[in-house]
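Architecture and fold: a report
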Amino acid sequence: NPYGGLVSHLRASWLSGKTRPMEYRVAQLEALGRFLDDKKQEILEATELDMGKPSFEAFFSEILLCKNELNVTLNNLCHWMKDEHVDKNLVMQLDSAFIRKDPYGVVLIIAPWNYPIHLFLVPLIGAIAAGNCAIIKPSEISKNTERLIAETLGCYLDSDCFAVVTGGVPETTRLLENKFDYIFFTGSPSVGRIVMTAAAKHLTPLTLELGGKNPCYVSDTCDVTNVARRVAWGRFFNAGQTCIAPDYLLCTIEMQEKLMPALRQAITEFFGPNPQESPDFGRIVSDKQFQRLRALLGSGRVAIGGQTDEAERYIAPTVLADVLPSDPAMQEEIFGPILPIVVIANMDEAIDFINARPRPLALYAFSCDSKIVNQVLERTSSGGFCGNDTLMHVTLTSLPFGGIGNSGLGKYHGKFTFDTFSHHRGCLHRNMGLETLNTPRYPPYTQQKLGLLTSTFEVKRRGTCTLL
Amino acid sequence: MERMQQIVGRARAAFKSGRSRPLEFRIQQLKALERMVQEKEKEILAALKADLNKCGPNAYSHEILGVLRELDLAMEKLPSWAAPQPVKKNLLTMRDEAYIGYEPLGVVLVIGAWNYPFVLVMQPLIGAIAAGNAVVVKPSEVSENTARLVAELLPQYLDKELYPVVTGGVPETTELLTQRFDHVLYTGNSTVGRTVMAAAAKHLTPVTLELGGKSPCYIDKDCDLAVACRRITWGKYMNCGQTCIAPDYILCDPSIQSKVVENIKATLKEFYGEDVKSSPDYERIINQRHFRRVKSLLEGQKIAHGGETDEASCFIAPTILTDVSPESKVMEEEIFGPVLPIVTVRSVEEAIEFINSREKPLALYVFSNNKQLIRRVIAETSSGGMTANDVLMHSVLPDLPFGGVGHSGMGAYHGKHSFETFSHRRACLIKDLRWEAVNKLRYPPGSLEMLHL
């Protein structure tokens with residue numbers, strides 16, 4: 001077991017109790033903040049090398065959003081750590097009943113390559129805030145960022161309690177043989193199954209942030225220009241390699257016609273006449289992903305874009321029109337700068353289309369008519385939902401971020417990350433006196449005792465006569 | 001295979017029809033459950049007596065009262081539990097609607113256990129119905145009378161397609177677990193817990209596992225021993241020790257060990273009289289297999305009290321073992337029987353170390369007059385839940401989450417926690433299609449200066 005020693009070492013640190021005091025957690029979190037500040041340039045460079053991530057995007061997702069999470073956590077940690085007192089019943093009035101937030105112990109965070117800093121750092125913030133030790137396993141596919149994390153994170157965090165493990169599938173498989181007290185995984189549903197199966201052997205609880213095809217419904221009544229901008233922004237951010245990107249569009253044939261020039265306009269506004277020359281448009285992370293995406297271009301017909309450059313792993317911001325449900329682009333999560341449009345007759349058809357498919361991580365609906373937006377929301381199911389925009393619901397730290405069904409289980413961001421990495425322990429601290437109050441519960445059992453017990457333990461429906 | 005597929009398929013079609021979602025429907029079903037419990041009280045008590053030799057008042061207070069209370073709470077609170085929760089917005093979302101919506105998961109599976117066979121299917125069922133789901137109920141076949149009764153009664157009171165009951169043993173449960181569910185709540189042991197989670201992993205189904213373990217009970221020298229021992233006796237021997245949160249073993253200083261034994265003996269006499277076997281309030285071991293298992297734990301032990309057994313009636317007397325070695329068999333597995341080992345430790349540090357060197361238990365108990373000591377035990381150990389200066393009682397407060405950690409389980413339920421377990425919390429952000437100027441800040445071509453605004 002190549003990682004047994006490392007896990008034991010972290011477990012020993014955990015048992016020593018050093019990660020529990022608030023001061024320690026704050027110190028480690030502040031160190032993470034310094035990591036983001038000191039290594040900002042290196043992070044921008046590494047992510048550019050990995051997938052041509054534009055500096056603007058990298059700053060926004062890898063630095064700014066992470067610092068927000070850090071600050072929300074630091075501002076509220078004291079409050080989150082406090083015992084939550086709960087309502088008591090009649091016999092417990094003199095007792096103390098509360099929920100204690102206990103750390104789990106040694107947790108494992110497995111991050112993917114598309115937002116390689118954000119997707120390990122934001123979970124890590126919660127793991128540290130909750131008092132755990134952690135092993136971080138960044139993705140080997142974003143290898144420059146992986147190297148940066150492996151070489152520099154240790155300079156900021158306590159290496160007795162936090163470690164980085166690098167490697168690919170074989171290494172991750174060996175790592176998962178060890179017992180962890182919590183596993184946080186972001187990646188594909190198929191690997192999610194493998195992680196959960198491995199976790200089951202040790203009865204390890206987990207959070208899986210997976211993916212799927214995020215539908216984007218555009219109704220006939222909408223401001224086409226703004227819709228096009230917001231959809232294009234969400235689709236082409238990070239060259240489409242975003243788990244919550246609008247994966248495909250559903251609209252009527254008339255709307256498809258209206259949208260096309262608007263989308264073309266938005267793309268030109270964003271990236272200029274030749275997006276390959278724009279510093280604001282990313283590249284595909286690997287040759288394998290590039291080939292996979294290029295093969296999808298045969299779906300429907302290329303209405304915008306479609307150009308590719310293998311040497312640069314460049315795929316132009318592309319919109320495919322008249323895509324059929326049976327086309328390759330509709331069989332898998334696209335995860336690239338390609339937006340298929342599937343034509344439907346009306347909103348009901350769109351909703352049926354969505355509901356016939358696995359539940360997505362995100363769902364989008366655009367309409368000037370709020371009733372339509374609400375209809376789509378109410379008649380579908382998804383991890384999260386954003387009306388009249390894309391991606392933005394995950395930037396509010398007060399909203400939980402997570403999937404449902406194939407798109408995942410569990411949630412995080414803000415306090416939800418802290419809660420994810422805490423065991424909520426029900427605690428009751430009773431008085432040793434007042435023993436007579438307990439008599440009705442002891443044998444020998446009698447109807448009279450039962451009557452007493454019932455009246456003290458019962459929850460009465462409001463509207464009935466009660467002594468309370 | 002087909003039968004399971006059909007049952008789950010029907011439940012799924014029924015869920016898709018949308019009828020389990022309106023609050024009125026959910027409350028109507030909960031009300032029907034309440035009627036069922038009130039009208040069929042006699043039958044339920046009879047089944048519990050047949051399965052576990054649980055007597056009337058005991059069965060009523062442990063299984064029926066708890067269910068009625070949970071039903072009342074759910075019906076009372078459902079509108080507020082199910083209401084969308086607005087969240088704090090930031091500058092960019094000031095004009096928008098941002099909230100968390102509570103939605104049903106779909107078709108959930110509830111697998112019950114045999115020790116509290118009625119309440120352990122009913123309580124999860126109540127939460128699942130309240131959350132708007134379809135629910136497949138699989139009571140434990142080991143408590144066969146209650147299983148049969150649940151299978152008979154539920155279809156008489158509830159929507160038959162939405163809330164089917166599946167009976168059977170291991171083969172049937174294995175088959176059931178190959179189907180896709182949107183959540184599985186399992187109560188039972190860790191071994192089967194692993195199997196349930198592995199089966200759920202194939203479908204990426206979230207699980208709540210209510211397992212078990214050895215719940216330690218530390219008695220400090222500084223405490224009212226008579227009161228402590230009475231409370232411990234009550235919790236330990238209730239249901240013949242077959243309670244997942246029963247104090248499994250005692251840790252105490254050697255100097256008080258014999259006093260502890262004396263006090264427990266005295267309490268046992270108070271509770272069950274001179275001849276325990278003839279007390280109507282003392283239960284039996286569920287079956288011969290468990291009888292033999294528990295009996296074998298007595299081998300080689302110093303029996304300070306009890307030890308009498310009768311295989312024919314699955315009777316094991318309330319038993320206390322003293323000076324038990326941590327390496328002995330009785331200290332290896334969860335006892336789940338009326339056998340109470342006492343392991344001596346010389347300090348609270350030793351007790352904490354002892355507890356931490358073992359798997360995290362479902363419950364933890366500490367008795368002391370010293371508040372600091374209690375706080376220390378809580379802070380330096382981990383367990384599903386805990387009660388200080390009493391046993392079992394933390395499971396009675398619906399606002400406290402009831403669940404395990406580590407080997408004792410994952411997830412929690414009871415009260416509002418059941419509702420949340422069986423709901424999907426969906427993040428919703430509804431923006432306006434106007435006010436595009438604000439969005440321009442984030443669109444390319446981007447300059448880093450703009451971001452610092």
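Residues numbered from 1 in each chain as written. Chains lettered and ligands numbered in written order. Predicted model: local features only at pLDDT ≥ 70, side-chain atom pairs only at ≥ 80, totals over all residues. Heavy atoms only, no water.

Per an unreviewed UniProt entry, chain B carries the name Aldehyde dehydrogenase family 3 member A2 and comes from Irena cyanogastra. Here chain B is described in UniProt, under the heading Sequence similarities (unreviewed entry), as follows: "Belongs to the aldehyde dehydrogenase family." Its UniProt record gives chain B the following Subunit (unreviewed entry) comment, quoted word for word: "Homodimer." (UniProt positions renumbered as here; feature names shortened; annotations may be inferred.)

Looking at an unreviewed UniProt entry, one finds chain A named AL3B1 dehydrogenase and attributed to Irena cyanogastra. Under the Sequence similarities (unreviewed entry) heading, UniProt states for chain A: "Belongs to the aldehyde dehydrogenase family."

1. Overview of the interface of chain A and chain B
Listed per partner, the contact involves 108 residues of chain A and 109 residues of chain B. When the two sides are added together, the surface that chain A and chain B hide from each other amounts to roughly 9000 Å², 62% of it contributed by carbon and sulfur. Joining chain A to chain B, the criterion identifies nine salt bridges. The shortest N-O distance in the salt bridge between B:Arg442 and A:Asp389 comes to 2.5 Å. Remark: the boundary between chain A and chain B carries 46 residue pairs in polar contact (both at pLDDT 80 or more). (Contact = heavy atoms within 4.5 Å. Buried area = accessible area lost by both parts, 1.4 Å probe. Salt bridge = Lys/Arg side-chain N within 4 Å of Asp/Glu carboxyl O. Polar contact = N/O pair within 3.5 Å; in protein donor to acceptor, adjacent residues only side chain to side chain.)

2. Observations regarding helix α5 (residues 118-129) of chain A
All names here are of chain A. The end-to-end C-alpha distance of α5, which contains twelve residues, comes to 16 Å, matching closely the 16 Å that a straight helix rising 1.5 Å per residue would cover. Counting buried residues along α5, twelve of its twelve residues qualify, which places the element largely inside the surrounding structure. Those residues of α5 that sit buried are His118, Leu119, Phe120, Leu121, Val122, Pro123, Leu124, Ile125, Gly126, Ala127, Ile128 and Ala129. (Helix = DSSP H or I, 4+ residues; strand = E, 2+ residues; numbered from the N terminus. Expected span 1.5 Å × (residues − 1). Buried < 20%, exposed > 50% of the residue type's maximum accessible area, 1.4 Å probe, protein only.)

3. Focus on the sheet that holds strand β5 (residues 183-187) of chain B
Reading across from one edge, β4-β3-β5-β6-β16 (chain B) is the order of the five strands in this open sheet, with mixed pairing throughout. Each having just a single partner strand, β4 (134-138) and β16 (409-410) of chain B make up the two edges of the open sheet. (Pairing = 2+ DSSP bridges.)

4. Let's talk about the confidence of the model for chain B
Considering every residue of chain B, the mean pLDDT works out to 95; 98% of them sit at 70 or more. Complex prediction metrics read pTM 0.96 and ipTM 0.95. (pLDDT = per-residue confidence, 0-100.)

5. Section: the environment of B:Val110
Here B:Val110 is to be found in strand β3 (residues 107-111). Along the backbone, B:Val110 and B:Tyr186 are 76 residues apart, and their C-alpha atoms lie at a distance of 6.1 Å.

6. Some thoughts on the environment of B:Gln288
Residue and element names in this part refer to chain B. Mapped onto the elements of the fold, Gln288 is located in helix α11 (residues 288-296). Each C-alpha atom of the pair Gln288 and Tyr365 lies 30 Å from the other, and the pair is 77 residues apart in sequence. Those residues in contact with Gln288 that sit more than four places away from it in its chain are Glu311 and Cys314.

7. Let's talk about the UniProt feature "active site" (unreviewed entry) in chain B
All names here are of chain B. The UniProt record marks Glu210 and Cys244 with the feature "active site" (unreviewed entry), using the residue numbering of this structure. These residues run over 35 residues, yet every pair of their C-alpha atoms falls within 9.0 Å of each other. Position of Glu210 among the secondary structure elements: in strand β6 (residues 207-210). When residues no more than four places from it in sequence are discounted, the contact partners of Glu210 are Tyr186, Thr187, Gly188, Phe402, Gly403, Ser408, Gly411, Ala412 and Tyr413. Inspection of the secondary structure puts Cys244 in the loop between α9 (225-237) and β8 (249-252). Among all residues touching Cys244, those that are not within four sequence positions of it are Asn115, Leu211, Ser215, Glu334, Phe336, Leu362 and Phe402.

8. Some words on the packing of aromatic side chains
In total, this model carries 27 aromatic pairs over all chains according to the counting rule given. With a centroid separation of 4.7 Å and an interplanar angle of 75°, the aromatic rings of A:Phe184 and A:Tyr412 are classed as edge-to-face. Placement of A:Phe184 in strand β6 (residues 182-186) and of A:Tyr412 in the loop between β17 (408-409) and α14 (415-420) is noted, with a sequence separation of 228 residues between them. Of the two residues examined, A:Phe184 and A:Tyr412, each falls in the buried class. An aromatic cluster of at least three residues, connected via ring pairs, comprises A:Phe60, A:Tyr115, A:Trp233, A:Phe237, A:Phe270, A:Phe271, A:Phe281, A:Tyr314 and B:Tyr443. (Phe/Tyr/Trp six-rings, centres within 6.5 Å; stacked < 30°, edge-to-face > 60°.)

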